[in-house]
Number of protein chains: 2
Amino acid sequence: DIGGTNTVFGFIDETGNCLFEDNVSTRDYDNPEDFVKAISERIKSAAKSNSVNLRGIGIGAPNANYYSGAIENAPNLQWEGRIDISDMFRKLFDLPVALTNDANAAALGEMIYGAAKGMKDFIVITLGTGLGSGIVSNGKLVYGHDGHAGELGHTIVDHEGRQCGCGRKGCLETYASATGIVTTVIQMLKESDTPSLLADINVAEISSELIYKAAEKGDEIALAAFEYTGKILGRKLADTIALTSPEAIFLLGGLANAGKYIFAPTQFHIEKNLLNVFRNKVRLLKSGLADRNAAVLGAAAIAVNKIQTV
Amino acid sequence: DIGGTNTVFGFIDETGNCLFEDNVSTRDYDNPEDFVKAISERIKSAAKSNSVNLRGIGIGAPNANYYSGAIENAPNLQWEGRIDISDMFRKLFDLPVALTNDANAAALGEMIYGAAKGMKDFIVITLGTGLGSGIVSNGKLVYGHDGHAGELGHTIVDHEGRQCGCGRKGCLETYASATGIVTTVIQMLKESDTPSLLADINVAEISSELIYKAAEKGDEIALAAFEYTGKILGRKLADTIALTSPEAIFLLGGLANAGKYIFAPTQFHIEKNLLNVFRNKVRLLKSGLADRNAAVLGAAAIAVNKIQTV
């Protein structure tokens, strides 16, 4: 699991047990070749000492293209342009290698190791710094024609709304994410006279965790921010259900850890906005990977899926 | 192809030629059993006289459930409740029978007989009285968990918007459909002093065809109505592309026959609202079934798809 700051890697067996895990600082490597070489050496050494027989390599990364196996112009990585990361690993290991983004990896992880086992139609939503989504239909991950499907975070809530990092306005992830709820609280504190535990915190230090802690103490602003976030997310999920009719939607990531504070309003506004034929049959669930190593399980699932479909 | 007024049936061969076609008035039959019996007799007699060997039966119908093979509570049919129409035909013919709604049938028809041959990821939009959609991902039609996927017409444009027949407000089909553009013109005529050819027509007689004819003569209100319709449709299609990343989107049905008047603004507003990674690569195309018998080809495609996947 390649991130802008850290990269985590490990060995996952058929049943989802993590046999080994390690990490490196992504930023320590000026070029991807050195990065791949350093990780590979540690993987080979660990495989030997753990007597592990590797079957395939799965990589989760930002701006990953499943079809090309390359990372393409990732703004969060220090390496520019197109990085043929799958080829680099393939040359060093002679194993099946597959790459996708973290939300798609999470969806495959949910299907193979998590709470979506046996489901053929479901959606995984990652609520972190941004909002990612992985859509499974007919038992297969929807990559789309170009490998970039599943960008629910960049569907538009309000064409005159919040500025998004993608250059457009009003994307869902500017509202429904750990970053989005912080923006909502800051706006509410500015516009409201309601006393709040969050009013005493330096604006730069307000986080989704602190908002959750305030909600636990009954803070009105925190509760209103969760309600607002769940309303916007629930409405978009109702629209998404109308398109792909999933059996369940799983929430994962920092904001999903707020439990009932985010689940209850989201569920309420999903049902309120559903076309009648879909009502009371789509489950909103906590990810089955939530308390485990979701990132490494997701990456491993990419490899398993690749091996199974070859 | 079962409609509220008429039912059309025919024989389609492997290459999409229509060998025979006939129709009955759906309303002539008080119960579905008599209806199925009457059609079946005409089909059997026509198969004999045309020396045609039937391989399967495909049915397009409103409120059709692919999984159950039943029509369920269709408001546009005079028969109430659940109608096990697939079972009725199966008993009379001993052939594979498959059922789905008309937009899904159109998508399968596009894939098997139309302009989507060889495509694995595309969407068909039917712009008629309402807006229907059929989504194909990974080469398979997306039915979803309950068989009702593809309800793009019932995603919400504006939560305070136009009243929809489904009981909610602001559904896409209240704007982007033959009925929707008529509502738009009537509103524009009320609120504007711009002279228009459409101002002289009795409100009850304004149709999407008359709006098209006025647009051809350069009528400002008609052109503004197409621009508005294309803007709303284009924005929703941009969101839909972010989810399933299709290679192409096909438009079919009455309003799609308005050609450039609907295609140009829709295409413009799709591109304007796309996340950068999707720009300039999704084609908006005229359906390859547009000048043929789309309904019967679509229904036949359901049967072909059923036979191929059994």
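Details of the structure are given in the entry above.
The next thing to look at is the overall build of chain A. Assigned secondary structure in chain A consists of eight helices and 12 strands. Its C-alpha atoms give chain A a radius of gyration of 20 Å, within 12% of the compact-globule value 19 Å for 310 residues. The C-alpha extent of chain A, read off along each of the three principal axes, is 60 × 45 × 35 Å. As displayed, chain A offers around 13,400 Å² of accessible surface, 47% of which is attributable to carbon and sulfur atoms. The distance from the centre of the 29 positive side-chain charges to the centre of the 36 negative ones in chain A is 5 Å.

Together, Lys-120 and Lys-140 of chain A together with Lys-120 and Lys-140 of chain B make up a positively charged patch on the protein surface. If you trace the backbone, Lys-140 of chain B turns up in strand 10 (residues 140-141). By relative accessible area, which is 46% here, Lys-140 of chain B ends up partly exposed.

A word on the packing of aromatic side chains. In this structure the tally under the stated criterion is 24 aromatic pairs over all chains. Between Tyr-29 of chain B and Phe-35 of chain B, the ring centres sit 5.8 Å apart and the planes meet at 70 degrees, which makes this aromatic pair edge-to-face. With respect to class, Tyr-29 of chain B is no different from Phe-35 of chain B; both count as buried. Put simply, the rings of Phe-9, Phe-11 and Phe-20 of chain A touch in pairs and so form one group of aromatic residues. A cation over a ring is seen here: Lys-44 of chain B above Phe-93 of chain B, with NZ or CZ 5.0 Å from the ring centre.

This brings us to the side chain of Glu-173 of chain B. All names here are of chain B. Relative to the helices and strands, Glu-173 resides in the loop between strand 10 and helix 4 (178-191). Within the buried core, Glu-173 has no salt-bridge partner, and the shortest N-O distance to an opposite charge, that of Arg-168, equals 8.7 Å. A polar atom in the side chain of Glu-173 sits 3.0 Å from the backbone nitrogen of Leu-131. Contact partners of Glu-173, with chain neighbours within four places excluded, come to Gly-130, Leu-131, Gly-153, His-154, Cys-164 and Gly-180.

With that out of the way, let us pick up the sheet that holds strand 6 (residues 82-83) of chain A. Whether parallel or antiparallel, the strands of a sheet pair through hydrogen bonds between backbone atoms. Residues and elements named next belong to chain A. On the basis of which strands lie adjacent, the open sheet formed by three strands has the order 4-5-6 and antiparallel pairing. The open sheet terminates on both sides in strands that have one partner only, identified here as strand 4 (64-65) and strand 6. Note that strand 5 (residues 70-72) and strand 6 share two bridges and pair antiparallel. Following the sheet pairing, Ile-71 is matched in strand 6 by Ile-83.

Let us look at the relation of the copies chain B and chain A. Of the transformation superimposing chain B on chain A, the axial component is 0.0 Å and the angular component is 180 degrees, with the fit at an RMSD of 0.0 Å. The transformation relating the two chain copies, once decomposed into turn and shift, fits a two-fold axis. Taking the C-alpha atom as reference, chain B places Ser-137 of chain B closest to the rotation axis, 3.9 Å from it. Taken together, the interface assignments show that 100% of the residues at the interface of chain B recur at the interface of chain A, consistent with an identical surface on both copies.

Attention now goes to the interface of chain B and chain A. Opposite the 39 residues of chain B that make contact, chain A presents 39 residues. Counting the surface lost from both chain B and chain A, the interface buries some 3,300 Å², and carbon and sulfur atoms represent 57% of this. Three residues, His-145, Leu-243 and Leu-275 of chain B, lead the burial of chain B against chain A; their summed loss comes to 20% of the area buried on that side. At the surface where chain B touches chain A, the tally comes to four salt bridges. For Lys-236 of chain A, the salt bridge goes to Asp-239 of chain B, with nearest N and O atoms at 3.1 Å. For the pair chain B and chain A, the interface holds 22 residue pairs in polar contact (both at pLDDT 80 or more). Broken down by element, the residue count for the side of chain B that touches chain A peaks at seven residues, all from helix 6 (residues 220-244) of chain B.

Residue and element names in this part refer to chain A. The phi dihedral of Asp-94 falls on the positive side, at around 55 degrees, and the residue is not glycine. Turning to its location among the elements, Asp-94 is positioned in the loop between helix 2 (85-93) and strand 7 (97-100). Residue Asp-94 is classed as exposed on the basis of its relative accessible area of 69%.

Here the focus is the pattern of salt bridges. With the rule as written, the count across this model stands at 14 salt bridges over all chains. Glu-72 of chain A serves as the salt-bridge partner of Arg-82 of chain A, at 3.8 Å between the closest nitrogen and oxygen. On the criterion of sequence distance, the pair formed by Arg-82 of chain A in strand 6 and Glu-72 of chain A in strand 5 is long-range, its members being 10 residues apart. For Glu-72 of chain A, a relative accessible area of 23% corresponds to the partly exposed category. The salt bridge partner of Glu-247 of chain B is Arg-283 of chain B, with a shortest N-O separation of 3.4 Å. Taken together, the residues span a long stretch of sequence, with Glu-247 of chain B in the loop between helix 6 and strand 11 (248-252) and Arg-283 of chain B in strand 12 (residues 283-286) at a distance of 36 residues. For Arg-283 of chain B, a relative accessible area of 42% gives the class partly exposed. Via salt bridges that share partners, Glu-72, Arg-82 and Asp-84 of chain A belong to a single interconnected network.

Thresholds, definitions, all that
- Residues numbered from 1 in each chain as written.
- Chains lettered and ligands numbered in written order.
- Predicted model: local features only at pLDDT ≥ 70, side-chain atom pairs only at ≥ 80, totals over all residues.
- Heavy atoms only, no water.
- Helix = DSSP H or I, 4+ residues; strand = E, 2+ residues; numbered from the N terminus.
- Rg over C-alpha atoms; globule rule 2.2 N^0.38 Å.
- Areas by Shrake-Rupley, 256 points an atom, 1.4 Å probe, with all protein chains shown as cover.
- Lys, Arg positive; Asp, Glu negative; His and termini not counted.
- Charge placed at Lys NZ, Arg CZ, Asp CG, Glu CD.
- Patch = residues over 30% accessible without salt bridge, like charges linked within 9 Å, V, L, I, M, F, W, Y side chains within 5 Å.
- Salt bridge = Lys/Arg side-chain N within 4 Å of Asp/Glu carboxyl O.
- Buried < 20%, exposed > 50% of the residue type's maximum accessible area, 1.4 Å probe, protein only.
- Phe/Tyr/Trp six-rings, centres within 6.5 Å; stacked < 30°, edge-to-face > 60°.
- Lys NZ or Arg CZ within 6 Å of the ring centre and 35° of its normal.
- Polar contact = N/O pair within 3.5 Å; in protein donor to acceptor, adjacent residues only side chain to side chain.
- Contact = heavy atoms within 4.5 Å.
- Pairing = 2+ DSSP bridges.
- Least-squares fit on C-alpha atoms with pLDDT ≥ 70 in both.
- Buried area = accessible area lost by both parts, 1.4 Å probe.

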